[in-house]
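Fold and geometry: a report
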Amino acid sequence: MYGKPTLVFYNFLNFNLFSSAVYGAHPWHWYLSQGLPAILGTHMIFVALAFIKHRDYPRQFLAVVIASIVLFSVISHKEFRFIQHLMPIFMIWAGLGLHWLSRHIDRSTLYAIIIGHTLVNALVAFYIGFFHQRGTISVIHDLSGRVTPGDQVVFLTPCHSTPFHSHIHQEGVGMRFLDCSPGSEQHEESIFYSAPLKWWSEYRQSTQPTGSEYVVMFEEALQEVHGKLKETGYALVKRYFHAHLLVDDKLGQHLLLYKKTF
């Protein structure tokens, strides 16, 4: 199948351990300093109580948690979802912490803590579900109702920032994003961000769209490209809110959709 002797498991291990930084690298402590606090939220208080006060917590789970965090911390590229499988264990510990608390405070205080905890998590879930990083979904949803066969859309954003054909199902619509496929010494995203105007000039010379041309990019990044687009006939169609809190300096709080008008 591969045309040469291949160990699939070795290739998988080699890429994930040594090459996954192509999708972004994080410091070794990321899961401890950001990952766990983000996925646990206010549950961390109850987990801490279980360790401090509940002496008979199930210690056999501790080895699983430590091993998982250590293993995934070795890998340069880190994501919240990589440690989601630990949530059931943390919920057991959180339950033990809440149980200890229920035996040492009065009932009205306990109910107030539970209601406050629930409200905080409901508000966070609402914000993350409906507002945080919504721009990349909003723009592709809007484009699905705008584009027609022959149109060309280019995303000048970090690769995989937006959905793609999951929202735009029409044939004949050109879709282009900055490639960061593994295997190359320097992927296209890095080339673009190192010399954005040069990349854009070469891209424009290599394309001949038959329909409308759209460009999607973050408002706060690459001001020289925004200026170039306006000089060459691209008009702002719509501005989309994306996020208040940014996790990458290539992102912005707003996303812009441009269309070529002349």
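Since we're looking at a predicted model, the values are computed, not measured. (Residues numbered from 1 in each chain as written. Predicted model: local features only at pLDDT ≥ 70, side-chain atom pairs only at ≥ 80, totals over all residues. Heavy atoms only, no water.)

The residue E224 is located in helix α10 (residues 223-231) in this model. For E224, a relative accessible area of 39% translates into the label partly exposed. Placed 76 residues apart in sequence, E224 and T148 show a C-alpha to C-alpha distance of 29 Å. Contacts of E224, omitting those with residues within four sequence positions, involve P196 and L197. (Helix = DSSP H or I, 4+ residues; strand = E, 2+ residues; numbered from the N terminus. Buried < 20%, exposed > 50% of the residue type's maximum accessible area, 1.4 Å probe, protein only. Contact = heavy atoms within 4.5 Å.)

The subject of this paragraph is the side chain of D142. One can find D142 in helix α7 (residues 135-144). Residue D142 is classed as buried on the basis of its relative accessible area, which comes to 17%. Apart from the residues lying within four places of it in its own chain, the contact partners of D142 are K238 and Y240.

By volume, the largest pocket is sized at about 1,700 Å³. Taken together, 44 residues line the largest pocket, and the ones lying closest to its centre are H26, W30, F80, Q133 and V247. Looking at the lining of the largest pocket, the elements with two or more residues in it are α2 (30-40), α6 (107-130), α7 and α8 (188-194). Its residues placed into classes, the lining of the largest pocket shows 23 nonpolar, 16 polar and five charged. (1 Å grid on protein atoms, 1.4 Å probe; cavity = no way out; pocket = protein on both sides within 12 Å on 5 of 7 lines; lining within 4 Å. Points joined across faces, edges and corners; volume = space filled by probe spheres on them. Nonpolar A, V, L, I, M, F, W, Y, C, P; charged D, E, K, R; others polar.)

Right, let's get into the sheet that holds strand β3 (residues 213-218). With mixed pairing, five strands are arranged side by side in an open sheet as β2-β1-β3-β5-β4. The open sheet has two free edges, formed respectively by β2 (174-177) and β4 (234-241), since each of these has just one partner strand. Within this sheet the neighbouring strands show an average axis-to-axis angle of 20 degrees, counted without direction. Pairing analysis gives four bridges linking strand β1 (residues 152-155) to β3, with the strands arranged parallel. Along β3, the bridge assignment pairs F155 with V216. Strand contacts of α7: β1, β2, β3, β4 and β5 (254-260), with the helix running at about 130 degrees to β4, the strand carrying the most contacts. (Pairing = 2+ DSSP bridges. Axes fitted to C-alpha atoms, helices over the stretch in contact; angles between N-to-C directions.)

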